[in-house]
Amino acid sequence: MRNQSQLWWSIAAVACAVLLAALWAFPLLWAVSTALRPEHETVSATFHWLPQVWTLDAFRKTLSAGNLPRWLFNSALVSLLVTVVTMAISLGAAYAFSQLRFRGRGILFALAMLAFLLPFEALLVPLFRTMHQLGMINSYAGLVLPQVVSPVVIYVFKQFFDQIPADFREAAVMDGANPLRVLWSVYLPLSGNIVWAMAIVTFIGAWNNFLWPFIIVTSNDMMTIPLGLTQTYDAFGVRYAQLMAAALIGALPVGLAYVVFQRRVTQGFLAASGLKA
Amino acid sequence: MSRGAASLNQTQLPQPASRPAPAGSSVRAEGLPAMLLLAPFVLAFLLFFLGPALQTLYLSLTESSLTRTSAFVGLANYATLVQDPSFWASLGNTFYFALLTVIPLTGIGLVMALLVHRFVRAQSWLQGAFFLPYVLPISVVTLIADWMLQPSSGIINHLVGGQRAWLSDVHWALPVVAIGTVWWTVGFNMLMLLAGLRNIPAEQYEAAALDGARGFTLFRAITWPALKPVFGTALLLQLIASLKVFGQTYILTSGGPYNTSRVTLHYMYETAFTQSDAGYAAAVAMAFMFVVIALTLVARLVAKRSS
């Protein structure tokens, strides 16, 4: 009796897992199946799950017709800059907050953490006016700079530095190393894992950022992938094989980063949510 | 840089040197390096965060276009706001969207977490399938959704029959965007709840199993009580995230039909960037900020109480 109900539970769980996994995988598989068809098959009257003729035409046309290569370049450049600058700024600030004694430390840290509370979305209007005054509309600087303020990254790094035994630092200080030297040669080498995790998550976040580029960019040549992909109807017209090819190309870098660094990515996202990984 | 650390470790670590440095001297010695290390962050923070935050407050008290401020008008924008049916409608749409997403996103997230936790051997596959959409850009998701929902040749209409134009349907537009959002973001909630599940000590299960607990009894007796605080946090974080909806509705429905899917951030955006009424948009932003901050504080309070 008990064994039988156990069995039913197991069957239900397996069925549930298979069903959910299929549901969640389906939209992407369907996009792949669409992108590999010739364009006329997407509007044909008879329905097929798989392409009747397999072709890479849609990918070829997508890459040569619109501004997609340019958007890919912009996204790569902006995401890379955001990641590098965010890491540099945040490591320095986190180290100062965690290890150095200076006046105003408490207030400054509290102020930085206040930023957790304010939704970025509510700051768009004055932020746009600031960028306008600085002449940074439609520029890489304008795209990058507001994205490098990341209190959560500072918080995660500070938590990590707090846990490193003070002996490490004092030993180096007694050796005559200045604080910058200590950060560089003692703390950084110890934080490889967490820096990687936060860097990947920052990169994915910057790659996927839609809202800020949407506000700050009006010229087609300065668009990043998430923004550019919303313009594809104008670029390709309503050609679904090409649209799906464009979507998949835009998804590839972050999708790949996730598949390759699965553990790091999940660790980073958990840490960035303020919860322990 | 790792070489330096290695040599430091070798030469210095064995010496126990845990003596607190004299406070006064170190403040002076460390003040300058601290300033150097903090300067880039402080500058960026003031320019791109604190500044705009204070400016939002100021702008909301003025009559301003997108680029210039013409007059200080006190609370006039707020007086308009409380009587503006479009604002209240957008807030209603926002909360309706939250209602449509919060429960499925946390509920399905919980089911997914339990499944990933249970099927150890399929773990990375299952987790991959559930989490992958979360790392995709929003417009990839909306492109795929738009194609699947296409009235004449989309696969959804092929499966359910008919030629419904889901995204311009008064009753369906927002629920359909909500379903897409569940697909897109549920992975994050799964991850949080999975971390919660992994924190439950195995001994608790073993003890309960010895007492004869199985299946759902085990879930009710051990899993759920231990997971409840994490679930509560996930619920409130999700509520806040759902209230910030903008991209999905903007791209998929443009707020239509008849503004029935125009959410608060969309209304703020239109007010500022298409009507160039930055003063009033700032008042909308302040109201939005108030709602989000209030809910965040409640979330923190609940989290603190349960931990």
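Residues numbered from 1 in each chain as written. Chains lettered and ligands numbered in written order. Predicted model: local features only at pLDDT ≥ 70, side-chain atom pairs only at ≥ 80, totals over all residues.

Enquirer: Looking at this structure, I do not really get the nonpolar core. What am I missing?
Expert: Proteins that are soluble and globular tend to have nonpolar side chains buried together. Met244 and Ala247 of chain A together with Met190, Leu193 and Ala285 of chain B are the most contacted members of the largest nonpolar core, which has 166 residues in total. The element that contributes the greatest number of residues to this core is helix H8 (residues 173-198) of chain B, accounting for 14 residues. For Met244 of chain A, the residues in contact, after removing those within four places along its chain, are Ala31, Thr34 and Ala35 of chain A together with Trp147 of chain B. (Core = buried A, V, L, I, M, F, W, Y, C linked by C-beta atoms within 7 Å. Buried ≥ 20, exposed ≤ 12 C-beta atoms within 10 Å, placed from the backbone. Helix = DSSP H or I, 4+ residues; strand = E, 2+ residues; numbered from the N terminus. Contact = placed C-beta atoms within 7 Å.)

Enquirer: It is not clear to me how the interface of chain B and chain A should be interpreted in this structure. Could you clarify?
Expert: Quite often, the size of an interface is put as the accessible area lost when its parts meet. With 80 residues of chain B in contact, the opposing surface of chain A contributes 84 residues. By residue class, the composition of the side of chain B that touches chain A is 57 nonpolar, 19 polar and four charged. (Nonpolar A, V, L, I, M, F, W, Y, C, P; charged D, E, K, R; others polar.)

Enquirer: Looking at this model, I keep getting lost on the environment of Leu132 of chain B. Mind explaining?
Expert: Summarising the element assignment, Leu132 of chain B is placed in the loop between helix H5 (123-131) and helix H6 (138-148). When the 19 C-beta atoms within 10 Å are taken as the criterion, Leu132 of chain B is described as partly exposed. The sequence separation of Leu132 of chain B and Ser64 of chain B amounts to 68 residues, and the corresponding C-alpha distance is 43 Å. Residues in contact with Leu132 of chain B, not counting those within four places in the same chain, are Gly255 and Tyr258 of chain A.

Enquirer: Sorry, what's going on with helix H9 (residues 166-174) of chain A here?
Expert: Residues separated by three or four positions in an α-helix point in the same direction, a consequence of the helix having 3.6 residues per turn. Along H9 of chain A, the residues classified as buried are Arg169, Ala171, Ala172 and Val173 of chain A. Gly176 of chain A sits one or two residues past H9 of chain A and shows a positive phi near 95°.

Enquirer: Sorry, what's going on with the domain arrangement of chain B here?
Expert: Residues and elements named next belong to chain B. Taken domain by domain, chain B comprises domain 1 (51-83 + 276-307) and domain 2 (100-275). The centre of domain 1, based on its C-alpha atoms, is set 29 Å off from the matching centre of domain 2. The partner domain 2 presents 16 residues to the 19 residues of domain 1 that form the contact. (Domains from an automatic or database assignment.)

Enquirer: How should the domain arrangement of chain A be read in this particular structure?
Expert: Residue and element names in this part refer to chain A. We note that the domain assignment places domain 1 (2-57) and domain 2 (63-272) within chain A. Each of domain 1 and domain 2 has a C-alpha centre, and these two points are 34 Å apart. Every contact between the two is made by seven residues of domain 1 and, on the other side, seven residues of domain 2. Among the secondary structure elements, those contributing two or more residues to the side of domain 1 that touches domain 2 are helix H1 (2-35) and helix H2 (39-42). The dominant element in the side of domain 1 that touches domain 2, judged by the number of residues it contributes, is H1, at four residues. A class-by-class count of the residues in the side of domain 1 that touches domain 2 yields three nonpolar, two polar and two charged.

Enquirer: Please explain unusual backbone geometry as it appears in this structure.
Expert: One can expect most non-glycine residues to show negative phi and most peptide bonds to be in trans. Residues and elements named next belong to chain B. Geometrically, the link from Gly256 to Pro257 is a cis peptide bond, its omega value of -10° lying close to zero. The phi angle at Ser254 is positive, at roughly 50°, despite the residue not being glycine. With respect to the helices and strands, the residue Ser254 is situated in the loop between helix H11 (247-253) and helix H12 (264-274). Of note, Tyr258 is a non-glycine position whose phi angle comes to about 50°, a positive value. When you line up the elements, Tyr258 lands in the loop between H11 and H12. According to the C-beta neighbour criterion, Tyr258 is exposed, with 11 such atoms within 10 Å.

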